Amino acid sequence: KRACSKVKWYSTPNWKKITYKFNPMVNPEKRVAVITSQVAVANHIGEALQGIFKVDTFKNGLALHQTMEKSAHYKAIITDDELLGANGISLYKTLQNFGYNQIPFMVLMETIDNEQRKLALSENIAEIFSKPIDDKALRTRVPYIVENYNNKVVKNSTVKDYKLPLIKRIFDITFSGL
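Remember, predicted model here, so these are calculated numbers, not experimental data.

Conventions we followed
- Residues numbered from 1 in each chain as written.
- Predicted model: local features only at pLDDT ≥ 70, side-chain atom pairs only at ≥ 80, totals over all residues.
- Heavy atoms only, no water.
- Helix = DSSP H or I, 4+ residues; strand = E, 2+ residues; numbered from the N terminus.
- Contact = heavy atoms within 4.5 Å.
- Areas by Shrake-Rupley, 256 points an atom, 1.4 Å probe, with all protein chains shown as cover.
- Salt bridge = Lys/Arg side-chain N within 4 Å of Asp/Glu carboxyl O.
- Buried < 20%, exposed > 50% of the residue type's maximum accessible area, 1.4 Å probe, protein only.
- Pairing = 2+ DSSP bridges.
- Axes fitted to C-alpha atoms, helices over the stretch in contact; angles between N-to-C directions.
- Parallel < 35°, antiparallel > 145°, perpendicular 65-115°, else oblique.
- Left-handed = near helix turned anticlockwise from the far one by under 90°.
- Right-handed = clockwise from strand over helix to strand, strands pointing away.

S.K.: Provide a residue-level description of the overall build of the protein, including the pertinent values.
M.R.: Of regular secondary structure, the protein possesses six helices and seven strands. Reading the helices (α) and strands (β) of the protein from amino to carboxyl end gives β-β-β-α-β-α-β-α-β-α-β-α-α. For the protein, contacts bridging at least 24 residues in sequence account for 58% of all contacts bridging at least 6. Within the structure as shown, the protein displays about 12000 Å² of accessible surface, and the carbon and sulfur contribution to it stands at 54%.

What follows is the structure in C-alpha cells.
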C-alpha cells in the first residue's frame, strides 16, 4: 500500500495520533519502468518479472518522466532501444539531470558487440540485455542490480585494451616454427 495523507488512530495507552504524509518518491511497491513501443516486448518482460516487480510500460521517455514527476518511483528502468537511440544514453543522461541518478538504467538491444559494451561501461549503464529476451537473465539480474546498484560508484573509469608484451610475441613467433 502506498503512503498517503491519512490519519490513523491506534489504541495505545496514550491514544497517540499518527499522521502519514504523501511523499511521491516513497513507494513500498517494487516497480520497474519499461520503455518500448512493442507490446510483445512489454508483455514478455512483464511475464518474466511477474511476482518480483510490477511492470509499467511507457512508449517514450517523456511519458516516463511525466509519471515520475507526479507520483511513481521506480526501482529500475529498462528501455528497448539502441544505446545511441532516443531512449538510450541520451534519455539516461536526461534522467540524471532531473535527479534520477539513483535508478539503475538497463538497455535491451538487438545485438551487442565490444564497442557497445565499452560505451555502456563508460556511460555507467547498469546492464545491457540482448534479444531474444532471456527470462532467467531478467529474473536474476534485475533484482540483483536493484539491490546492489548504489553500493558501488565507479567514476572516471577507463577501459583499456590488453596488449601482449613485445618480448612475448617474439618468443611465440620464434618457437612456433620449431
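Having seen it, we continue.
S.K.: Break down the pattern of salt bridges for me, with residues and values.
M.R.: Applying the stated criterion to the full structure yields eight salt bridges. Across the pair Arg31 and Asp56 runs a salt bridge whose closest N-O atoms are separated by 2.3 Å. Note that Arg31 is positioned in strand β3 (residues 31–35) and Asp56 in strand β4 (residues 54–58), a separation of 25 residues in sequence. According to the relative accessible area criterion, Arg31 is buried, its value standing at 11%. For Glu123, the salt bridge identified is with Lys93, shortest N-O distance 3.5 Å.

S.K.: If you had to explain the sheet that holds β3 to someone new, which residues and values would you point to?
M.R.: Sheet architecture is open: five strands sit in the order β4-β3-β5-β6-β7, paired in parallel fashion. Edge positions in the sheet fall to β4 and β7 (127–130), since each of these pairs with one other strand and no more. Strand-to-strand twist across the sheet, computed as the mean angle between neighbouring axes with direction ignored, equals 20°. Sheet strands in contact with helix α5 (residues 135–148) are β5 (76–80), β6 (105–109) and β7, and its direction is about 170° off that of β7.

S.K.: Can you explain the packing of helix α1 (residues 39–48) against α5? Please cite residues and give values.
M.R.: Running from amino to carboxyl end, α1 crosses α5 at an angle of 60°, the nearest separation of the two axes being 9 Å. With respect to α5, the axis of α1 lies oblique. Considering the relative orientation of α1 and α5, their crossing is right-handed. Facing His44, Ile45 and Ala48 of α1, the residues of α5 in contact are Asp135, Leu138 and Arg139.

S.K.: Could you give an account of the pairing of β4, with specific residues and numbers?
M.R.: The side chains of a regular strand alternate, first on one face of the sheet and then on the other. Where β3 lies against β4, five bridges are found, and the strand directions are parallel. Its bridge partner being in β4, Val32 is matched across the sheet by Val55. Considered for its hand, the β-α-β crossover made up of β3, α1 and β4 is right-handed.

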